[in-house]
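An overview of the molecular structure
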Amino acid sequence: MQIDAMLAFLQSNAIADLLNNTEWGFAIAECFHIVFFAVAIGTIMIVDLRLLGLAFPRTTSAKLLHDTWVYTLIGLAVTVFAGMALFLSAPRMYSLSGWFQFKAIALLVAILYNYTVHYKVASSSPSPVVGVVVAAISILLWVSVVTGGLFVGLLA
Amino acid sequence: MSLYSICESIQGTSLMTWVEQTPWVYPIIMAAHLSCIALFGGMILMTDLRLLGLALRDQSIADVVGGLRNFKRVGFVIMVTCGLLMAGSEAPTYYPNPYFWAKMTLLLLVGVHALIFKPIVYDHPEELDKAPVIPTRAKVAALLSLILWVSIPLCGRLIGYYEPDEGKAPQAVRNR
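Residues numbered from 1 in each chain as written. Chains lettered and ligands numbered in written order. Predicted model: local features only at pLDDT ≥ 70, side-chain atom pairs only at ≥ 80, totals over all residues. Heavy atoms only, no water.

1. Brief notes about the interface of chain A and chain B
Contact residues are listed per partner, giving 43 residues for chain A and 38 residues for chain B. Among the salt bridges present, the one from A:K63 reaches B:D58, with a minimum N-O distance of 2.7 Å. Viewed at the interface, chain B and chain A are joined by six residue pairs in polar contact (both at pLDDT 80 or more). Contributing elements (two or more residues each) for the side of chain A that touches chain B: α2 (14-21), α3 (25-51), α4 (61-88), α5 (91-96) and α7 (128-155) of chain A. Class assignment of the residues belonging to the side of chain A that touches chain B gives a composition of 28 nonpolar, ten polar and five charged. (Contact = heavy atoms within 4.5 Å. Salt bridge = Lys/Arg side-chain N within 4 Å of Asp/Glu carboxyl O. Polar contact = N/O pair within 3.5 Å; in protein donor to acceptor, adjacent residues only side chain to side chain. Helix = DSSP H or I, 4+ residues; strand = E, 2+ residues; numbered from the N terminus. Nonpolar A, V, L, I, M, F, W, Y, C, P; charged D, E, K, R; others polar.)

2. Examining the packing of aromatic side chains
What the rule picks out here adds up to twelve aromatic pairs over all chains. On the basis of an interplanar angle of 50 degrees and a centroid distance of 6.4 Å, the ring pair of A:F26 and B:Y161 is categorised as tilted. Placement of A:F26 in helix α3 and of B:Y161 in the loop between α8 (136-159) and α9 (172-175) is noted, with the two residues assigned to different chains. Each member of the pair, A:F26 as well as B:Y161, carries the same accessibility label: buried. Seen from their ring centres, A:F37 and A:W142 are 6.1 Å apart, and the 65 degrees between their planes marks the pair as edge-to-face. Of the two residues, A:F37 is situated in helix α3 and A:W142 in helix α7; the sequence distance between them amounts to 105 residues. Overall, A:F37 belongs to the buried group, its relative accessible area being 11%. Here a set of aromatic residues connected by ring pairs shows up, and it is made of A:F87, A:Y94 and A:F100. (Phe/Tyr/Trp six-rings, centres within 6.5 Å; stacked < 30°, edge-to-face > 60°. Buried < 20%, exposed > 50% of the residue type's maximum accessible area, 1.4 Å probe, protein only.)

3. Details of the pattern of salt bridges
Taken as a whole and assessed by the stated rule, the structure comprises five salt bridges over all chains. In this structure, the salt-bridge partner of A:E30 is B:R157, at a minimum N-O distance of 2.7 Å. Pair noted here: A:E30 is in helix α3 and B:R157 is in helix α8, and the two residues belong to different chains. Among the residues examined, A:E30 registers a relative accessible area of 13% and is labelled buried. Take B:R157: its relative accessible area is 24%, and that puts it in the partly exposed class. The partner of A:R58 in a salt bridge is B:D63, with the nearest N and O atoms 2.4 Å apart.

Structure (structure tokens):
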């Protein structure tokens, strides 16, 4: 009952009005969500390729992390805020979606992993095996987020 | 034979019928398409930002352009293959969609961009590193690439918003 009341409260908000009652509001929010997600994941992927030993052999993962972290952060921040706006356009529908719940959990795990294990390992000089494992898990987590997001849209 | 009947023929092939009618095949192809856009599209954006001198400035242009080249190529091939399968399986539906044609035009322009700038920018990144400042031709190439590669996924997303009856983007509520 409390959840129902909370969802009803969330449903009646200015962002939902903007996204649901203007022609392009939802589409524009989605565009920001997608483009900045690509920026975030692209920068993380650059570090992951170094950890995998597949690119940038003349530099370290720590250096690449230093060069890309701002873009990753901006990308993730815009993606998350745009995603929250999209969620607020129909909180009840999204909350009941199993795929949305999967995506939300995958995103949370991926962000936590990125700023803990991934950051710590990429900042150090990891052994090749550790680098490969950490990068592989990172890629898997972010692909899970993309897949979850896709099915939220497809099955909504 | 009209273009629409060609679209119907494409959709009628056994491969496209399989993509359209087999449970989970279409969503899996779409997941691969979107994953490639996220992973490799992001690399394209970072390469462009490096050519503009806005990111990865401690890395040489040769390392960024050369180091990511093969991954971007593989990603592009997967993206295009998945895109063709998705479009082919619903070809008659995509046919009247202006955003689909806008996306195809932009992809064509990507080819034109490659023809123009590959010989003078991307094939000689070492020369760009030797120059005291990043040459204008490299910055123009990067800027155009950024515009193209941001517009392509946006058009791709807007394909889903098109309603043939009204010919304009529907409101979000009606889209769900």
